[in-house]
Amino acid sequence: MGVRARLTRVIYRRVRCTATTADLMQDTFLRFWERPNVLRDVADLAGYFMVTGRNLALDHERRKKIAPFVDGIEGLESISDPTPSAETATMDRQELRRLQVGIEKLPPQARQVFMLSRLEGLTYVQIGEQLGISPKTVFGHMVVALDRLRAEMKTGD
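Residues numbered from 1 in each chain as written. Predicted model: local features only at pLDDT ≥ 70, side-chain atom pairs only at ≥ 80, totals over all residues. Heavy atoms only, no water.

Trainee: Mind showing me how you'd approach the nonpolar core here?
Mentor: For soluble globular proteins, nonpolar side chains are generally found buried alongside one another. With 15 residues, the main nonpolar core has L7, I11, L24 and F49 as its most contacted residues. Mapped onto this core, the elements with two or more residues apiece are α1 (3-15), α2 (18-34) and α4 (45-66). Broken down by element, the residue count for this core peaks at seven residues, all from α4. With sequence-adjacent residues up to four places away left out, L7 is seen in contact with M25, T28, F29, F49, M50 and G53. Of all hydrophobic cores here, the second largest spans 14 residues; its members include A110, F114, M142 and L149. (Core = buried A, V, L, I, M, F, W, Y, C linked by side-chain atoms within 4.5 Å. Buried < 20%, exposed > 50% of the residue type's maximum accessible area, 1.4 Å probe, protein only. Helix = DSSP H or I, 4+ residues; strand = E, 2+ residues; numbered from the N terminus. Contact = heavy atoms within 4.5 Å.)

Have a look at this one:
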């Protein structure tokens, strides 16, 4: 089961609403794109997605509980503006572009291993079976991918 399916199940169990689940899924993936340094700091991106999604669902439930005490949801939005500043948005777009360029520069097999692991949530054994290579070789490609992506992201710091 891929990351997306597992994450959907985790969020839905908490909020019990398909539309809210879809919104929180999008928010979870947006958090990843807003924080490209996650590739440098987090070894398990699937775990990052699970924790982030679960936390967003918990926050959603907490807001629902306090909303009756505030003058509607609009009252909550006026407390803190979650919209990033124009400067932050520009910096985030630049970071995202660097990340995309870094992924595109990866050797084809390393890029494929990275995508299958980090976006599809496959294990090294599953990736090896799919690509016809050993899990040890998959690990080697992942090391190359992560090292190169970290280096690519550091060039802009």
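Trainee: Teacher, can you tell me more about the environment of P108 here?
Mentor: Relative to the helices and strands, P108 is located in helix α7 (residues 108-118). On the basis of relative accessibility, which here comes to 60%, the residue P108 falls in the exposed class. Put simply, P108 and H141 are 33 residues apart on the chain and 9.7 Å apart in space, counted from C-alpha to C-alpha.

Trainee: In this structure, what is going on with the pattern of salt bridges? I would like to understand it.
Mentor: Where side chains of opposite charge bring their charged atoms close, a pairing between them can arise. Applying the stated criterion across every chain, the model contains two salt bridges. The salt bridge involving D59 is made with R62; its shortest N-O contact spans 2.7 Å. Within this pair, D59 and its partner R62 are both found in helix α4, separated by three residues, close to a single helical turn. When its relative accessible area of 29% is taken as the criterion, D59 is described as partly exposed. Residues K105 and E152 are paired through a salt bridge, measuring 3.5 Å at the closest nitrogen-oxygen approach. Here K105 is found in helix α6 (residues 86-105), whereas its partner E152 is found in helix α9 (residues 135-154), with 47 residues between them in sequence. (Salt bridge = Lys/Arg side-chain N within 4 Å of Asp/Glu carboxyl O.)

Trainee: What exactly am I supposed to notice about the packing of α7 against helix α8 (residues 124-131) here?
Mentor: Between α7 and α8, the shortest axis-to-axis distance is 10 Å and the interhelical angle comes to 130 degrees. Here α7 lies oblique to α8, going by the angle between them. Between α7 and α8 the crossing geometry is right-handed. When α7 is examined against α8, the residues Q109, Q112, V113, L116 and S117 are found in contact with a partner set consisting of Y124, I127, Q130 and L131. Across the contact of α7 with α8, the residue classes tally to five nonpolar, four polar and no charged. (Axes fitted to C-alpha atoms, helices over the stretch in contact; angles between N-to-C directions. Parallel < 35°, antiparallel > 145°, perpendicular 65-115°, else oblique. Left-handed = near helix turned anticlockwise from the far one by under 90°. Nonpolar A, V, L, I, M, F, W, Y, C, P; charged D, E, K, R; others polar.)

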